[in-house]
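# A closer look at the structure
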Amino acid sequence: MANLLPMYPGIANSYQTELSAAITAAVTTIPLQSVAVTILPDGPNIAVIGTDETAETIHYTGKSGNTLTGVTRGYNGTTARSWALGSRVARMFTAADWDSARQNIETLNTMQSEAAAFQTTLKRGLNSINASQSSQAEFVVQGRSLVNLLGKTGNFELDTNSDGVANGFEATLNGATASLESTNVKYGTKAQKITANVGDTSTLREIRSSNLPFDANKYYLALVDVVTDGSSQANLLMNNGSANLGNVITSTSKAIYKKWQQVTAATNGAFKIMNFNNIGVTGWVQFDGARIFEVTAADYAKIDVDPDWTGEKLAEKYPYVDSVQHLQGGAVRTLDSQNIHYANFPVLVGNLDRTIVDTYDSAKGVVTRKWKTGVSLDGSYPWTASSSGTGFKAIGLANSGGYFGDRLRGVTNVPYCKMFDGRIIRLGGTSSAGDLISISWWQHLTGNDFYLSLFNADTGWADGVSPSANAIKAAMNGWKATANNGTTYTSWVSILTGAAPATNTEAYCSANKAAGWTAWATLDYMIAQSFEETVIGDKGAIALKSGGNQVELLDGFIVREKIATPYLSSGSYYSNMSAQPSTKFKNRVKVISAVYKNGILDTRWVFGNYVSESDIALSGMMFMSISAANYDPAAEYNVTYQVLDNYLYTSSMIETTIIYQSTLGSSVSKNVQDITDLKTHNGVQDWKLLLDEAYAANTRYDLNAHVGSRGSAHGVATTTEAGFQSAPDKVKLDGIATGAGSADSATDTVIGTRTIDDTVVAATGADTPTRLWSKLAYMIKSITGKAFWWNLPATTLEAASLHIAATTGIHGAVSTATASRMMQRDVNSRSQVADPVAAQDIATKNYVDITIPCVVGSYTGNAAATRDITLPFTPRLVSVLNNGNGFYQPSNVLLWASTTKNGHDNSNNLTLSVGANKFVVRMTGSTGNANINGELYEYIAYR
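Since we're looking at a predicted model, the values are computed, not measured.

### Things to note about the overall build of the chain
Tallying secondary structure elements over the chain gives 14 helices and 53 strands in all. Classification of the 943 residues of the chain by burial places 39% in the buried group. Long-range pairs, those at least 24 residues apart, make up 66% of the contacts in the chain with a sequence separation of at least 6.

Quick look at the structure:
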């Protein structure tokens, strides 16, 4: 493109001044009487010396006092000459002024005809563009991310306890009925229904998600899609943690919503949906796609004010998404043709206010990447325990950039983190609660310290037991602890299925993921340094025709997905058949736009629509077929389609900028530029192909020349350097038997015979096989006590073990008095011996009874009139003594008796008699004291 020439300001009336000295034709400074700005403008500018056909135009760059400086003489085709003192100088209109103006006008006209590019904004949905010229169009797409604070529970898909209320919600029904329904569903396959019954006791028929956290000074938007029976009232009610925010009621099927500004932080907010019929009024309402988004202050101000931010248009800008979704699969479609023009680009991420976004430029085919997505937080990282609280624990990574690959960007730019079950992990203080992330932004130049808090209910950890590094890895690998010993965790099951691991140890769980497990969470974050990424593959192209164009901005397109082998039936092949799972696309289909055969558009396919709910639930809205005659089994077929379940695939586009040419010249110029770019690209590709071919040729030459790693043909390998095999080595190789070194190859023939030396003393350390066997023989000989290791021992270890463990019959032991036999106890724990002979012999009971002359004993009185005292023999004489009484004769003798005479006390109140193996105490009066209750009496009985 040509540049415009400079055009210098003039002076009205062309006031004149004079040279203050004569000058030659060579000088570049011009002395003047006056250079006031009203006479000559500031430089750069032009002036004229002289007033007739000999006048000279000069160009000057500046003024110094009354002198012009930086002067170019003979400017614009005039002649430099000498001038006398007093020659006139003025800022007159010159040929240079006219030439610059004329040329600039022509340049501007050319620029207008060649580069008149128009730029406009496409909004989501249908747009109208009136183009004055057929033109290729380019557009710029900016990333957008949506974060549903309800995670994926708002899809109302699961009811594991069969109470009619979706997982993640609780209910107060007061007689109403809750159920998950599969009809009138907008997202997924189920929706939450609440039916009012005649016997309801209250209008409070509520299903709610409680304990929702909301941050102070932020803006929120809650939405839910409603279907009613036509008259029943559906109600949405938000609680911000301190108060209800007012009912949003409808009896019409539509999306309802509530916006609010959160003043103070709360952890006990609630999302409530209700059937609001009066008591006694029956009917049902149904809810689907419950979601809560944080929005910017600017967007908050537009809601219900700007028509594009109201009602269904608002719901399209904030559709239901499962947890976190980023923009992908955008498409621009012109509605006046059968062709769909689309853009294929990778995931595009954006922050909340869409100020830091990934940007796709279709003209360049380049994404300016400012985010990193899909970082799996699993057991592969060196997690360490960080902090703990009641019901949760925090873990951390030092210098996370060293593990994630990029340094995380500033603290105000919130990352996105989604748990394995769809819960949103928010940015916050990980020492305060579970399900939070925290990042120390200042910590490292290459990365940031990263912390993640986990609820004990998810990990199985206990408040008083800190997890080891391996226990943390086990949790991040999908294992939940089920037991601990007070110090460590000792047992695990799968978080997903409850199944035990193959090896129920900490080491196994820390090294192996549970079946079906990906990661505890996935992290998307802004990177510190953006970069450009070239989009590879089919990017698509947009063209506008001259005149009106109906252009639609869409999202959620899958571009050129390879289809599986179709199903043959009645002479046609069918694809995406609900009854034939092997033919289904990867996603449920909303619209099929095109089919390609070996990369070329194939228009012979016929598209059909599903009408039954069961077919739609399996395959989406459409299937496609082609006659068997037109189908090529050897070809590769690809399909481009829009997904039905956008909430699983993408966020929604709000708008994009489209650029197109409005004139023939600009279109031609753009086409020339594009062709040049393509040629450049192809040239680079051709150069790369030539380079690859050169590499291949050089490799072929090297192979042909047999050049080894040491630079010479047939270089022989050494013990330290690779190379070719030598002839002697080949001989050695041929001498190795077939199969040598394989399993069972070490046969007796290969090993040969060996001589064992059992005198080689056993010792630690490596040794030759023969010496190791000899050492083992030495140990065998030492254990058996035999002269040689091959001699059999006197008994076996098994017999010795039985002998050691035996309790009866050991060495012929008996309990009776038997000569030369070991003694053992009988069943009554007694053993017998013979009567003693020597002083050291054991005395038997019989010997003791016969030999000892007397027995000393005692008894305690019991006040009985007659008392027998048993003895081991029949005594000849018995004396009973009472240490507390000394009034008997002889001194302290209470009673005495013999086999011939009875004894008695002085008062004849007591008598003592002798019997067989006993003596008897009798009380014959009332004052005797030989058997007083509780009194201790001692006796001596003589044999």
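Don't stop here, the text continues.
### Description of the sheet that holds strand S16 (residues 218-228)
Sheet architecture is open: five strands sit in the order S13-S14-S21-S16-S19, paired in antiparallel fashion. Only two strands of the sheet have a single neighbouring strand rather than two, namely strand S13 (177-181) and strand S19 (254-262). Put simply, the sheet's adjacent strands are angled 30° from each other on average, direction ignored.

### Some thoughts on the pattern of salt bridges
Within the structure shown, the criterion is met by 31 salt bridges. We note a salt bridge from arginine 604 to aspartate 602, for which the minimum N-O separation is 3.2 Å. The class of aspartate 602 is buried, set by a relative accessible area of 8%. Of the charged contacts, one joins aspartate 758 and lysine 781 as a salt bridge, the two residues approaching to 3.8 Å between their closest N and O atoms. Here the residue aspartate 758 occupies a position in the loop between helix H11 (748-751) and helix H12 (769-784), and lysine 781 occupies one in helix H12, the gap between them amounting to 23 residues. Taken individually, aspartate 758 and lysine 781 each receive the classification buried, so the pair is uniform in this respect. Each of the salt bridges in this network shares a partner with another, and the network as a whole consists of Asp215, Lys218, Glu294 and Arg426.

### What to know about the pairing of strand S15 (residues 206-214)
In this structure, strand S12 (residues 170-172) lies alongside S15, joined through three bridges in antiparallel fashion. Pairing of threonine 172 across the sheet is with glutamate 206, part of S15. Judged from the six bridges that link them, S15 and strand S20 (residues 266-275) form a sheet pairing that is antiparallel. Looking at the pairing, arginine 208 lines up with lysine 272 of S20.

### A look at a nonpolar patch on the surface
Among the surface-exposed residues, Val750, Ile751, Leu772, Trp773 and Leu776 lie close enough to one another that they form a single nonpolar patch of about 450 Å² accessible area. Among the secondary structure elements, those contributing two or more residues to the nonpolar patch are H11 and H12. Summarising the element assignment, isoleucine 751 is placed in helix H11.

### Describing the side chain of lysine 775
Of note, lysine 775 is situated in helix H12. We classify lysine 775 as buried; its relative accessible area is 8%. Not counting chain neighbours up to four residues away, the residues in contact with lysine 775 comprise Val760, Val761, Ala762, Ala763 and Asp767.

### Overview of the side chain of threonine 359
Mapped onto the fold, threonine 359 is located in strand S24 (residues 359-361). Dropping the residues within four chain positions of it, threonine 359 is found in contact with Val140, Val141, Gln142, Val366, Val367 and Thr368.

### Considering the environment of aspartate 555
Structurally, aspartate 555 can be placed in the loop between strand S36 (547-554) and strand S37 (557-562). Residues aspartate 555 and asparagine 646, spaced 91 residues apart in sequence, show a C-alpha to C-alpha distance of 8.2 Å. Sequence-distant contacts of aspartate 555, that is, excluding residues within four places in its chain, are made with Arg124, Leu327, Gln328, Gly329, Gly330, Ala331, Gln642, Asn646, Thr650, Ser651, Ser652 and Met653. A polar side-chain atom of aspartate 555 sits 2.7 Å from a polar atom in the side chain of asparagine 646.

### Structural notes on the sheet that holds strand S1 (residues 16-18)
Adjacent strands of a sheet pair through backbone hydrogen bonds, lying either parallel or antiparallel. Ordered by their spatial adjacency, four strands build an open sheet running S1-S7-S3-S4, and the pairing between neighbours is antiparallel. If you trace the sheet from one side to the other, it starts and ends with S1 and strand S4 (56-60), each paired once. Within the sheet, the average angular offset between the axes of one strand and its neighbour, ignoring direction, is 30°. Both S1 and strand S7 (residues 88-90) contribute to a ladder of three bridges, which runs antiparallel. In the strand pairing of S7, glutamine 16 is matched with alanine 90.

### Side note on the nonpolar core
Core analysis: the biggest nonpolar cluster contains 35 residues, and Leu377 and Leu452 have the highest contact counts within it. Of the residues forming this core, the biggest block, five residues, is contributed by helix H6 (residues 469-476). Contact partners of leucine 377, with chain neighbours within four places excluded, come to Trp383, Phe404, Cys417, Phe450, Leu452, Met476, Ala519, Trp520, Ala521 and Leu523.

### Some thoughts on H12
Over its 16 residues, H12 extends 23 Å from the first C-alpha to the last, a length consistent with the 22 Å expected when each residue adds 1.5 Å. Residue glycine 785 follows H12 closely and has a positive phi angle near 80°.

### A word on unusual backbone geometry
With omega at 0°, the peptide bond leading from glycine 43 into proline 44 counts as cis. Inspection of the secondary structure puts proline 44 in the loop between strand S2 (30-31) and strand S3 (45-49). Although it is not a glycine, phenylalanine 156 adopts a positive phi angle of roughly 55°. With respect to the helices and strands, phenylalanine 156 occurs in the loop between strand S11 (145-147) and S12.

### Let's talk about the packing of aromatic side chains
Tallying each qualifying case throughout the model produces 27 aromatic pairs. With a centroid separation of 5.5 Å and 40° between ring planes, the pair formed by phenylalanine 293 and tyrosine 318 is classed as tilted. On the criterion of sequence distance, the pair formed by phenylalanine 293 in strand S21 (residues 283-295) and tyrosine 318 in the loop between helix H3 (311-317) and strand S22 (324-326) is long-range, its members being 25 residues apart. With respect to class, phenylalanine 293 is no different from tyrosine 318; both count as buried.

### As for the environment of isoleucine 527
Secondary-structure assignment places isoleucine 527 in strand S34 (residues 521-534). Take isoleucine 527: its relative accessible area is 2%, and that puts it in the buried class.

### Observations regarding the environment of tyrosine 610
Along the chain, tyrosine 610 turns up in the loop between strand S42 (606-609) and helix H8 (613-619). Separated by ten residues in the primary sequence, tyrosine 610 and glycine 620 place their C-alpha atoms 7.4 Å from one another. With residues up to four places along the chain from it excluded, the contact list for tyrosine 610 reads Asn576, Met577, Ser578, Asp615, Ile616, Ser619, Gly620, Met621, Met622 and Phe623. In terms of polar contacts, tyrosine 610 uses its side chain to reach the backbone amide nitrogen of serine 578, at 3.1 Å.

Parameters and conventions
- Per chain, residue numbering runs from 1 following the sequence as it is written.
- Local features are withheld for residues below a pLDDT of 70 in this predicted model, meaning they are given only at 70 or higher, and side-chain atom pairs are given and counted only at 80 or more; totals for whole chains, interfaces and linings count all residues.
- Hydrogens are left out, water is left out, and the side-chain values use all remaining heavy atoms of the structure.
- Strands here are runs of E lasting at least two residues and helices are runs of H or I lasting at least four, both read from the DSSP assignment and numbered beginning at the N terminus.
- Here's how the labels work: a residue is buried when its accessible area is under 20% of the maximum for its type, exposed when over 50%, partly exposed in between, all with a 1.4 Å probe on protein chains only.
- Only heavy atoms enter the contact rule, under which two residues are in contact if any of them lie within 4.5 Å.
- For two strands to count as paired, DSSP must find a minimum of two bridges between them.
- Under this scheme, a helix contributes an axis fitted over its contacting stretch, all axes are lines through C-alpha atoms, and angles between N-to-C directions fall in the 0 to 180 degree range.
- Any carboxyl oxygen of Asp or Glu within 4 Å of a side-chain nitrogen of Lys or Arg constitutes a salt bridge here.
- Nonpolar side chains (Val, Leu, Ile, Met, Phe, Trp, Tyr) within 5 Å and like charges within 9 Å form the patches, drawn only from residues with over 30% relative accessible area and no salt bridge.
- Only the protein chains shown count as cover for residues, and all accessible areas are computed by the Shrake-Rupley method using a 1.4 Å probe.
- Two N or O atoms count as a polar contact when they lie within 3.5 Å, although within protein this holds only if one can serve as hydrogen donor and the other as acceptor, and sequence-adjacent residues are included solely when both atoms are side-chain atoms.
- To define a nonpolar core, start from buried Ala, Val, Leu, Ile, Met, Phe, Trp, Tyr and Cys residues and group those joined through side-chain atoms within 4.5 Å.
- Given a helix with a known number of residues, its expected span is that number minus one, times 1.5 Å.
- Each pair of aromatic rings taken from Phe, Tyr and Trp, with Trp reduced to its six-membered ring, is defined by centres within 6.5 Å and is described as stacked if the planes are under 30 degrees apart, edge-to-face if over 60, and tilted in the remaining cases.

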